[in-house]
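Understanding the architecture of this molecule
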Amino acid sequence: MNFRMALVAVTRLRQWTMSRMVSAISRAGTPNSDPDDGWRTRIKRYLRFLICGGAATGVHWLIMALLMTVDVPPAWATGVGAIAGAIANYPLQKIFTFSGRVSPSPVPVYILACILTWSLNLFLFVTLNSGFGFSAGIAQIFVTAFVAIGSYGFYRKWVFHY
């Protein structure tokens, strides 16, 4: 990539950014603007997401721990726990985090999100636990943090349309 191409790319990026800023400024305060555009509201929503997700994670981990005490393999235990956590998570996120907003077909989209996060959870857990020798607890802590960060954006945009 030569200097001229880089300069053109930077100029186009700047133009795109400016057009987005002008659009956001022109929408601000209009009746059709989203009242939740403020950074404080977004931070509060993310904190509510973490609290609700923490409760669902508690369900996940409780089921996982109970299953492991009766000698269910850790991969199976985390898989079943993740399903239980997902069932607990939907009403919490719908009511407390996203104020009842849902997509036109929320349950199928939420199920798709759960399948994706469940698959990611299981893949990362097995990789860390079996592949790298992490204990089940430590592996699940890392996996939970990673999945939580990724799922917020998906829930916000596709499931609850915020």
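These lines cover the structure that appears in this document, whether it is placed above or below. Numbering of residues starts from 1 in every chain and runs along the sequence as written. The predicted origin of the model limits local features to residues at a pLDDT of at least 70 and limits the giving and counting of side-chain atom pairs to 80 or more, whereas totals for whole chains, interfaces and linings rest on all residues. To obtain the side-chain values, all non-hydrogen atoms of the structure were included, while hydrogens and water were left out.

**Remarks on the overall build of the chain**
We count a stretch as a helix when DSSP gives it H or I for four or more residues in a row; a strand needs E for two or more, and each element gets its number in order from the N terminus. Across its full length, the chain holds 5 helices and 0 strands. Starting at the N terminus and walking to the C terminus, you meet the elements of the chain as α-α-α-α-α. Counting over 162 residues, the chain shows a buried share of 27%. By sequence separation, contacts in the chain at least 24 residues apart represent 69% of the contacts at least 6 residues apart. Entry remark: accessible area of the chain is about 10,600 Å², with carbon and sulfur atoms responsible for 73%. For the exposure calls, accessible area comes from a 1.4 Å probe over protein chains only, and a residue counts as buried if that area is under 20% of its type's maximum, exposed if over 50%, partly exposed in between. By definition, residues are in contact when any of their heavy atoms lie within 4.5 Å. Accessible areas in this description were obtained via Shrake-Rupley with a 1.4 Å probe; residue shielding takes into account the shown protein chains only.

**Description of the layout of surface pockets**
Only protein atoms enter the 1 Å grid, on which a cavity is a set of points fitting a 1.4 Å probe that cannot get out and a pocket is an open set with protein on both sides within 12 Å along at least 5 of 7 lines, lining residues being those with an atom within 4 Å of a point. Grid points are joined across faces, edges and corners, and a volume is the space filled by probe spheres set on the points. The computed volume of the largest pocket comes to approximately 630 Å³. Residue lining of the largest pocket: 30 residues in total, with Thr 57, Asn 89, Thr 117, Val 147 and Tyr 155 positioned closest to the centre. For the lining of the largest pocket, the secondary-structure elements that each account for two or more residues are helix H2 (39–69), helix H3 (74–97), helix H4 (106–131) and helix H5 (136–159). With 9 residues, the top contributor of residues to the lining of the largest pocket is H5.

**Regarding the packing of aromatic side chains**
Here a pair means two rings of Phe, Tyr or Trp (six-membered ring of Trp) with centres within 6.5 Å. Their orientation is stacked below 30 degrees between planes, edge-to-face above 60, and tilted elsewhere. Evaluated as defined, the whole model comprises 8 aromatic pairs. Considering the side-chain rings of Tyr 46 and Tyr 152, the 4.7 Å spacing of their centres and the 90 degrees angle between planes classify their relative orientation as edge-to-face. Residue Tyr 46 is located in helix H2, and its partner Tyr 152 is located in helix H5; the two are separated by 106 residues in the primary sequence. Taking relative accessible area as the criterion, Tyr 46 reaches 26% and is therefore assigned partly exposed. With a relative accessible area of 12%, Tyr 152 lands in the buried category. Grouped by ring-pair contacts, the aromatic residues Tyr 46, Phe 49, Tyr 90, Phe 98, Tyr 110, Tyr 152 and Tyr 155 constitute a single cluster. The positively charged end of Lys 157 is found above the aromatic ring belonging to Trp 158, 5.7 Å away from the centroid. Charges are assigned to positions over rings by a cutoff of 6 Å between ring centre and Lys NZ or Arg CZ, combined with an angular limit of 35 degrees from the ring normal.

**Remarks on a nonpolar patch on the surface**
Nonpolar side chains collect at one region of the surface, where Trp 61, Phe 132, Phe 134, Ile 138, Ile 141 and Phe 142 lie side by side and expose about 600 Å² of accessible area between them. In terms of residues, the nonpolar patch owes the most to one element, H5, which gives 3 residues. Nonpolar side chains (Val, Leu, Ile, Met, Phe, Trp, Tyr) are joined into patches within 5 Å and like charges within 9 Å, using only residues with over 30% relative accessible area and no salt bridge. Salt bridge, as used here: a side-chain nitrogen of Lys or Arg that lies within 4 Å of a carboxyl oxygen of Asp or Glu.

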